[in-house]
Amino acid sequence: MGAGERKEITISSPGDQPTPHARRTEPTGEDPWVQPAVGTDSSPERSAPPAGATAARSVAPSRLEDWTQGPAPASSLDDWLQGPLEDHMEQSAEDAWSTAESVTGHPHRQHRGAAIEQGTAAPLGTALAQGAAQGAEATSAAPAGHREGAGGPRKTHPERPVFRRELHGLRALALMLVAVYHIWLGRVSGGVDVFLFLSAFFLTGTFVRRLDAGRPLAVPRYWLHTFKRLLPPAAATILATLAATWWLLPPSMWPTVMQQSAASIGYVQNVLLVFQEVDYQARDAGASSPLQHFWSLSVQGQAFLLWPLMFLLAVPLARRGKAVRRPLLGLMALIVAASLTWSIIETASNQPVAYFDTGARLWEFAAGSMLALALPWIDRHTGARRPEDETAPRFGTQRAMLGWAGLVALLACGILLNVSSVFPGWIAIWPLTGAAAVVIAGHTGTRWGVDRLLSARPAAFIGDISYALYLVHWPLLVLWLHRSGQERAGLLDGLVVLAASILLAWVLTRAVDAPVRRSHWLEAKPWRALTAVAASLLLVLGASSTWWLVLIGSEPERPVASASPEVPTDDVATETSHSIRPYGWQLGSQWPDLPEQCGGPWAPSEPFPHVRCQQLLPANAAAEGTIVVVGSSHARQYIPALLPYAREHSLQIVNLAMDGCEFLPGTERWPYCAGYDEYVLDYLDATTPQMVLTIVTRTRPDSPAEEMPDGATQAVQELLDRGIDVIAVRDTPRWDADQYACAERVITGGGSPADADRACGADVQEKLAAANPAAEVADLTGAGPSDQPAAGAAQVRLVDMTPQICPGGRCSPVLGQTYVYMDDNHLTRLFVESVLAPPMREELESTAGR
């Protein structure tokens, strides 16, 4: 190599390695980002062993050194774990989940003209020089005539991308941070953010190399190849989780897992979780399901669809021989600015939604792309080298310090600060900066650099199984916690979960991931790869939907309780009954809804956010009167109790409730409820109903400090002054834990409702005030119409269902054959229909008869 000739190394992934079976379709020539090729054949006749190979053979590392510092020679396991021998174009764009085949030392690889005969295991030093890579690094500038943007169109040929062992270790570190934080700390580690960052880093380098080389981007083939590789292991994990859910988890969890299985295999799990976070009726939104971790894979999958399209914008520039890196760098900078700004704003206003929002995460991808685009310039000006180079890198000590600073930053994120509630806003810069520091530090040339640690054999092994390990660790953890009844794993059982996850990940990699990846048959024709994708989708969707259809067809819901139920509705049974309703998978139907959307004379003049106006009778019905339900979901839950009386008297019922917002006119409201009270009053003025039902007290989950909220008295008076009778209902007890889940856990474990009462119930004095705080409103009356006597004025009917909900002074989760609560504060529709409808009828008849 001449003095003026300088080496360049490309950003790559494990798929970039040519193999004896790979087709060489790219044009030849020099690439300013890759060292010029010396030879292109792996036979001894075409290339000579590199300098230092003999010396490398003479140094036989000890067993300990071989395990901790370098890859083992090729073996049957190594060969089994290799990726598919695919077309170079298909393999040249990978992501952070790619298995690094070169870690295990494939015999058919060369670097700078070096060759290893087929079947010969490479020694440690030589094997390092043979790897194909995920990383990106440039050690110096190319000849001026071949630099980007100089001269005409460039037809270049990346001869051998270099494997960045420390980046494979960085992937392992990020995954272990995710697992350790999940298992023992229950916090956000930043490891997922590093994976998003690395995904774009690897992908960008390989696509830019295609543009530099004048090769087609082949975006559809990239999509097909990527999802053919990712979906089968994901499908296997989801199917196994569905089976484990049926076997180990309570029925109330089944619908959530079924729903999330379909969303996970379709890469929209994060979208589902966003809707569940904002959906008040999503009972399990806050509960951990064994598939919840697929949200980050969904974000990555969506980015894998979007990101290649951005590189298409640079194709015209590449065809004209123009520079593509700077325009792409500008585009990525714009994405970083826009997405990070949105992430900060949304995290501050609605962090649970921002956490799963792809738009709030795109800046992390763009940051990885920016580093991939800028790294060759950084490496060129800082004198970066690779371990196989003859010269040491410049600033070795500073590089080592930078790498350790990045590693410490990654380890400290989440330990020093509980960042779970502030991700993914500006705080996510912390782990990304740490990862970037490790990438930029690269090969330090020192014995104490972080690259030595991240290049160790254990890190390489975890990196090899990282995708499968991410897939399986969370389901195993959630299943164990559900079965053990723990909120967090202890030291010993957490180690067992981690060890089991590693073993299962190795099995999944060997049994599913590797065979699919290495299959010549699947890669031979696009339709075959498409078949693998379609089969993965159909297996998961078919299994979850079939299970759901079997459930809803096997157990018809019990009708309203008869006059002589098997177990009295105010009794707590001492023997287990398998007919306790509603079943866990029926909880989604326990929210009370009316059959018609508001129409005709009951249609509001305009819609209001978060209010779904519903009515009992059709728009053209001739109703004898109207009852309007206003306030929060605690008022709405009484709709089933109104239905028998309303049907008997041909009354229209209108649901104008707004979940999470009480009816308190004249008081200062938080932004969500602002304007709701005025909206209700305007509606009542337009429709002139006979009665309005609303809640007039407020209970607390952790104390009996029941109160009448400010504005409740004024709310009742506002209604009375309009000539509307008021059904003022006392609030129901709230709990600090899910009452259905608590009772279900006891009963499915073989306990009786009495056992569930002892484990989950409470005395009424622990949940409610000794006297109804709203007693004073019973004496309120309205002014009445001016042409009627005071006796005809509207009046209040104070309704207290405490004797029915907590009979005998005890609030139990199961009464008779019915679960009382569907969550921690809402009554089941079945309980309201069965138990509360008769006393409500009596109250309404008393009100009408006055």
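Computed from a predicted model, the values in this text were never measured in an experiment.

1. Things to note about the overall build of the chain
Alright, step 1. In terms of helices and strands, the chain carries 30 helices and 11 strands.
Alright, step 2. The 850 residues of the chain split such that 57% are buried.
Alright, step 3. In the chain, 81% of the contacts between residues at least 6 apart in sequence involve partners at least 24 apart.
Alright, step 4. Surface summary for the chain: the accessible area is close to 33700 Å², and the carbon and sulfur share equals 59%.

2. Some thoughts on a nonpolar patch on the surface
Alright, step 1. There is a patch of nonpolar side chains on the surface, built from Leu185, Ile415 and Leu416 and spanning about 310 Å² of accessible area.
Alright, step 2. Structurally, the position occupied by Leu185 is in helix H6 (residues 165–185).

3. Focus on the state of the cysteines
Alright, step 1. For the structure shown, the criterion picks out 4 disulfides.
Alright, step 2. With a sulfur-sulfur separation of 2.0 Å, Cys742 is cross-linked through a disulfide to Cys760. With the S-S bond torsion at -90°, the cross-link from Cys742 to Cys760 turns out left-handed. A residue pair is termed long-range when its members are at least 10 positions apart, and Cys742 in helix H27 (residues 739–748) and Cys760 in helix H28 (residues 753–760) qualify at 18 residues.

4. Looking at unusual backbone geometry
Alright, step 1. Residue Pro424 is bonded to the preceding Phe423 through a cis peptide linkage, with omega at 5°.
Alright, step 2. Looking at the element boundaries, Pro424 is found in the loop between helix H15 (396–412) and helix H16 (429–441).
Alright, step 3. Between Arg581 and the following residue, Pro582, the backbone shows a cis peptide bond with an omega angle of -5°.
Alright, step 4. Located in the positive-phi region is Phe395, a residue other than glycine, with phi close to 55°.
Alright, step 5. Here Phe395 is to be found in the loop between helix H14 (362–382) and H15.
Alright, step 6. Phe395 gets classed as partly exposed once you look at its relative accessible area, which sits at 42%.

5. Observations regarding the confidence of the model for the chain
Alright, step 1. Overall, the prediction assigns the chain a mean pLDDT of 80, with 76% of residues at 70 or greater.
Alright, step 2. In the predicted structure, residues 559–563 sits below a pLDDT of 50 and forms 3 contacts with residues beyond four places in sequence or in another chain.
Alright, step 3. Contacts for the low-pLDDT stretch residues 785–789, under 50 throughout, to residues beyond four places or in other chains number 0 contacts.

6. Considerations on the packing of H6 against helix H19 (residues 466–484)
Alright, step 1. Close contact between H6 and H19 brings their axes to 10 Å; oriented N to C, the two are set at 0°. Taken together, H6 and H19 sit at an angle that is classed as roughly parallel. Of the residues in H19, those in contact with Arg171, Leu175, Met176, Val178, Ala179, His182 and Ile183 of H6 are Ser466, Leu469, Tyr470, His473, Trp474 and Leu477.
Alright, step 2. By residue class, the composition of the contact of H6 with H19 is 9 nonpolar, 3 polar and 1 charged.

7. Points about the environment of Pro308
Alright, step 1. Turning to its location among the elements, Pro308 is positioned in helix H11 (residues 294–312).
Alright, step 2. Looking at Pro308, the relative accessible area reads 0%, which means it is buried.
Alright, step 3. Pro308 sits 85 residues away from Trp223 along the chain, and the two C-alpha atoms are 8.8 Å apart.

8. Describing the pairing of strand S3 (residues 625–629)
Two faces make up the sheet, and in a regular strand the side chains alternate between them.
Alright, step 1. Counted residue by residue, S3 has 5 buried out of 5 residues, so it is predominantly covered.
Alright, step 2. Covered by surrounding structure in S3 are Gly625, Ile627 and Val629 together with Thr626 and Val628, the residues of both alternating faces.
Alright, step 3. Direction of pairing for S3 relative to strand S5 (residues 691–695): parallel, over a ladder of 3 bridges. Within S5, the residue paired with Ile627 across the bridge is Met691.

9. Looking at the pairing of S5
Alright, step 1. Summarising burial for S5: 5 of the 5 residues are buried, a large majority.
Alright, step 2. Taking every second residue as pointing to the same face, both faces of S5 are buried, with Met691, Leu693 and Ile695 on one and Val692 and Thr694 on the other.
Alright, step 3. Where S5 meets strand S6 (residues 725–729), 5 bridges bridge the pair, whose relative direction is parallel. Of the residues in S6, the one forming a bridge with Val692 is Val726.
Alright, step 4. Following the chain from S5 across helix H26 (residues 712–721) to the adjacent parallel S6, one finds a crossover that is right-handed.

10. So, the nonpolar core
Alright, step 1. If you look at the biggest cluster of nonpolar residues, it comprises 104 residues, and the most contacted ones within it are Leu170, Leu211, Trp307 and Phe311.
Alright, step 2. No other element matches the 13 residues that helix H7 (residues 191–213) contributes to this core.
Alright, step 3. Look past the residues within four positions of Trp307 in its chain and what remains in contact with it is Ala200, Leu203, Thr204, Met332, Ile335, Leu362, Phe365, Ala366 and Ser369.
Alright, step 4. The next biggest cluster of nonpolar side chains, apart from the first, holds 38 residues, and it includes Ile627, Met801, Ile805 and Leu815.

11. Description of the packing of aromatic side chains
Alright, step 1. Using the criterion set out here, one finds 17 aromatic pairs in the structure.
Alright, step 2. The interplanar angle of 80° and the centroid separation of 5.9 Å between the aromatic rings of Trp735 and Tyr821 together place this pair among those described as edge-to-face. Here Tyr821 lies in the loop between strand S11 (818–819) and helix H30 (829–849) and Trp735 lies in the loop between S6 and H27, a separation of 86 residues in the sequence.
Alright, step 3. When its relative accessible area of 5% is taken as the criterion, Trp735 is described as buried.
Alright, step 4. Connected via pairs of aromatic rings, a cluster forms that spans Trp254, Trp547, Tyr583 and Trp585.

12. Describing the pattern of salt bridges
Close approach of charged atoms allows side chains of opposite charge to pair.
Alright, step 1. Tallied over the entire structure, the rule returns 24 salt bridges.
Alright, step 2. Between Arg669 and Asp677 there is a salt bridge, with its nearest N and O atoms 2.5 Å apart.
Alright, step 3. We classify Arg669 as buried; its relative accessible area is 19%.
Alright, step 4. We classify Asp677 as buried; its relative accessible area is 2%.
Alright, step 5. A salt bridge links Glu843 to Arg797; the nearest nitrogen and oxygen atoms lie 2.6 Å apart.

About the criteria used
- Residues numbered from 1 in each chain as written.
- Predicted model: local features only at pLDDT ≥ 70, side-chain atom pairs only at ≥ 80, totals over all residues.
- Heavy atoms only, no water.
- Helix = DSSP H or I, 4+ residues; strand = E, 2+ residues; numbered from the N terminus.
- Buried < 20%, exposed > 50% of the residue type's maximum accessible area, 1.4 Å probe, protein only.
- Contact = heavy atoms within 4.5 Å.
- Areas by Shrake-Rupley, 256 points an atom, 1.4 Å probe, with all protein chains shown as cover.
- Patch = residues over 30% accessible without salt bridge, like charges linked within 9 Å, V, L, I, M, F, W, Y side chains within 5 Å.
- Salt bridge = Lys/Arg side-chain N within 4 Å of Asp/Glu carboxyl O.
- Disulfide = S-S within 2.5 Å.
- pLDDT = per-residue confidence, 0-100.
- Axes fitted to C-alpha atoms, helices over the stretch in contact; angles between N-to-C directions.
- Parallel < 35°, antiparallel > 145°, perpendicular 65-115°, else oblique.
- Nonpolar A, V, L, I, M, F, W, Y, C, P; charged D, E, K, R; others polar.
- Pairing = 2+ DSSP bridges.
- Right-handed = clockwise from strand over helix to strand, strands pointing away.
- Core = buried A, V, L, I, M, F, W, Y, C linked by side-chain atoms within 4.5 Å.
- Phe/Tyr/Trp six-rings, centres within 6.5 Å; stacked < 30°, edge-to-face > 60°.

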